Amino acid sequence: MAHFTDRVCIITGGASGIGAETARRFVADGGRVIIGDIDDDQGEALAAEIGDSAIYTHGDVCNPAACAAMVALAVSRFGRLDGLVNSAIRMGPTALVDLSPDDWRKVVDVGLTGTFLMTQAAGRWWIEQSKPGAVVNLSSTGGLQPYNLAGAYSTTKAGVIMLSKQFGLEWARNNIRVNTVCPGHTETPLTAYMRDPAVKQARADVTPLGRVGQPEDIADGILYLLSDAASYVTSSELVIDGGMSTSLFNHMPGRKWD
Ligand SMILES: NC(=O)c1ccc[n+]([C@@H]2O[C@H](COP(=O)([O-])OP(=O)(O)OC[C@H]3O[C@@H](n4cnc5c(N)ncnc54)[C@H](O)[C@@H]3O)[C@@H](O)[C@H]2O)c1
């Protein structure tokens, strides 16, 4: 049975990687999607691939008016809004000591402020309309522990976890659920270094489940949290990382662990 028949979801950063796979699967499961991104070529191509149940729109999550416009588009074109996935990100891979204020702001603006603005825009509509809603925000295992040479990213992703808990608590009595997914390393355009087979194999070797993550693995968790199967889940986070973030002791010299 389709879980999302007639339901409508906005997916920011939806033109690529995890967001794109979530869009494909949400529609395959009966729903309709608004794909919001700033990569127009990729967004248009994805919407064309998915068909009539997907609309691409240029939507910069750093702009409050653009966030409100994505909500208005969902309502005008599809008549309703049921879910939101915040997947947009920019990286700033530099040691904090060398990171410029501008590069810091770019990461925080898209990853944290953008998640705030988009969630607020959707929540305002749900509250006004007295409708239930479900939000899934993309954090990272890098939001649970420091990530060397990606300090703006890990700080942003830690903020996303707290922001989601905060929204979830504020909106619980409105039946608007807000949860976080924390992926581990997942093969997408963001992690282009995994195209090197040696890097991918080395990463698979240190992952307890023996492989790196795929966008489908993360989309499965996102779809669960969007669905009615998660109707009693809010202000919570789901780690999807093949066991990586709990495997510290596997890496202690002198221990046999495989
Ligand atoms: N891939 C991984 O290994 C991994 C691991 C942990 C967490 N995550 C998180 O999952 C999410 C998706 O990652 P991905 O690997 O699919 O990345 P991706 O780079 O494939 O996709 C990110 C998308 O965000 C879009 N974007 C950038 N700035 C934007 C803006 N201002 N407004 C709207 N869209 C914007 C980009 O154009 C791109 O299409 C991110 O939040 C990322 O931090 C990914």
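See the structure printed just above.
The structure reproduced in this document is the subject of the present report. Worth saying up front: this structure is predicted, and the values here are computed from it rather than measured.

### Brief notes about the overall build of the protein
Here comes step 1: Looking only at helices and strands, the protein has seven helices and seven strands in total.
Here comes step 2: In the protein, the succession of α and β elements from N to C terminus is β-α-β-α-β-α-β-α-β-α-β-α-α-β.
Here comes step 3: At 18 Å, the protein has a C-alpha radius of gyration in line with the 18 Å of a compact globule built from 258 residues.
Here comes step 4: The principal-axis extents of the C-alpha atoms in the protein amount to approximately 60 × 45 × 40 Å.
Here comes step 5: By the burial criterion, 48% of the 258 residues in the protein qualify as buried.
Here comes step 6: A separation threshold of at least 6 residues defines the contact pool for the protein, and within that pool the share at least 24 residues apart is 67%.

### Some words on a nonpolar patch on the surface
Here comes step 1: Residues Leu248, Phe249 and Met252 make up a contiguous nonpolar surface patch of about 320 Å² in total accessible area.
Here comes step 2: By secondary structure assignment, the location of methionine 252 is in the segment after strand 7 (237-240).
Here comes step 3: Methionine 252 gets classed as partly exposed once you look at its relative accessible area, which sits at 33%.

### As for the packing of aromatic side chains
Here comes step 1: Throughout the structure, instances matching the rule amount to four aromatic pairs.
Here comes step 2: With a centroid separation of 6.0 Å and 80° between ring planes, the pair formed by tyrosine 147 and tyrosine 153 is classed as edge-to-face.
Here comes step 3: Classification of tyrosine 147 as partly exposed rests on a relative accessible area of 31%.
Here comes step 4: Ring centres of phenylalanine 167 and tryptophan 171 lie 4.6 Å apart, and the angle between their planes is 40°; this geometry places the pair in the tilted category. With respect to burial, phenylalanine 167 and tryptophan 171 carry one shared label: buried.
Here comes step 5: Clustering of aromatic rings is evident, with ring pairs tying together Phe116, Phe167 and Trp171.

### Some thoughts on the packing of helix 4 (residues 101-129) against helix 5 (residues 151-170)
Geometrically, a packed helix pair is captured by the angle between its two axes and the distance between the axes.
Here comes step 1: The interhelical angle for the contact between helix 4 and helix 5, taken along N-to-C directions, is 15°, at an axis separation of 9 Å. In terms of orientation, helix 4 and helix 5 fall into the roughly parallel class. Judged by the sense of rotation from one axis to the other, the crossing of helix 4 with helix 5 is right-handed. For the pair helix 4 and helix 5, the contacting residues are Trp104, Val107, Val108, Gly111, Leu112, Thr115, Phe116, Thr119 and Gln120 in the first and Ala152, Tyr153, Thr155, Thr156, Gly159, Val160, Leu163 and Phe167 in the second.
Here comes step 2: Across the contact of helix 4 with helix 5, the residue classes tally to 10 nonpolar, seven polar and no charged.

### Digging into helix 4
Because the α-helix completes a turn every 3.6 residues, residues three or four places apart line up on one side.
Here comes step 1: Taking 1.5 Å as the rise per residue, helix 4 with 29 residues should run 42 Å; its terminal C-alpha atoms sit 40 Å apart, in good agreement.
Here comes step 2: Taken as a whole, helix 4 carries its principal kink of about 45° at aspartate 109.
Here comes step 3: The positive-phi residue at the C-terminal boundary of helix 4 is serine 130, with phi of around 50°.

### So, the pattern of salt bridges
Two side chains of opposite charge can pair, provided their charged atoms sit close to one another.
Here comes step 1: Within this structure, the stated rule accounts for 11 salt bridges.
Here comes step 2: With its nearest N and O atoms 3.7 Å apart, the salt bridge here joins aspartate 103 to lysine 106. Remark: lysine 106 and aspartate 103 occur in helix 4; sequence separation between them is three residues, near one turn of the helix.
Here comes step 3: By relative accessible area, aspartate 103 is classed as partly exposed at 32%.
Here comes step 4: The closest approach of N and O atoms between glutamate 237 and lysine 165, which form a salt bridge, is 2.8 Å. With glutamate 237 in strand 7 and lysine 165 in helix 5, this pair connects stretches of sequence that are 72 residues apart.
Here comes step 5: Its relative accessible area of 29% is what places lysine 165 among the partly exposed residues.
Here comes step 6: Through salt bridges with shared partners, a single network forms among Glu21, Arg24, Arg25, Glu49 and Asp220.

### Things to note about the side chain of arginine 177
Here comes step 1: Locating arginine 177 in the fold gives a position in strand 6 (residues 176-183).
Here comes step 2: Here alanine 230 takes part through its backbone oxygen, which lies 2.9 Å from a polar atom of the side chain of arginine 177.
Here comes step 3: A polar side-chain atom of arginine 177 sits 3.2 Å from the main-chain carbonyl oxygen of valine 233.
Here comes step 4: Discounting residues that sit within four places of it in the chain, arginine 177 has contacts with Gly133, Ala134, Val135, Leu225, Leu226, Ser227, Ala230, Ser231, Val233 and Thr234.

### Side note on a negative patch on the surface
Here comes step 1: A contiguous patch of negative charge on the surface is contributed by Asp39, Asp40, Asp41 and Glu44.
Here comes step 2: Mapped onto the secondary structure, aspartate 40 falls in helix 2 (residues 40-50).
Here comes step 3: Since its relative accessible area comes to 33%, aspartate 40 is described here as partly exposed.

Reading the values: rules and limits
- Residues numbered from 1 in each chain as written.
- Predicted model: local features only at pLDDT ≥ 70, side-chain atom pairs only at ≥ 80, totals over all residues.
- Heavy atoms only, no water.
- Helix = DSSP H or I, 4+ residues; strand = E, 2+ residues; numbered from the N terminus.
- Rg over C-alpha atoms; globule rule 2.2 N^0.38 Å.
- Buried < 20%, exposed > 50% of the residue type's maximum accessible area, 1.4 Å probe, protein only.
- Contact = heavy atoms within 4.5 Å.
- Patch = residues over 30% accessible without salt bridge, like charges linked within 9 Å, V, L, I, M, F, W, Y side chains within 5 Å.
- Areas by Shrake-Rupley, 256 points an atom, 1.4 Å probe, with all protein chains shown as cover.
- Salt bridge = Lys/Arg side-chain N within 4 Å of Asp/Glu carboxyl O.
- Phe/Tyr/Trp six-rings, centres within 6.5 Å; stacked < 30°, edge-to-face > 60°.
- Axes fitted to C-alpha atoms, helices over the stretch in contact; angles between N-to-C directions.
- Parallel < 35°, antiparallel > 145°, perpendicular 65-115°, else oblique.
- Left-handed = near helix turned anticlockwise from the far one by under 90°.
- Nonpolar A, V, L, I, M, F, W, Y, C, P; charged D, E, K, R; others polar.
- Expected span 1.5 Å × (residues − 1).
- Bend = angle between axes of the 7 residues up to and from the residue.
- Polar contact = N/O pair within 3.5 Å; in protein donor to acceptor, adjacent residues only side chain to side chain.
- Lys, Arg positive; Asp, Glu negative; His and termini not counted.
- Charge placed at Lys NZ, Arg CZ, Asp CG, Glu CD.

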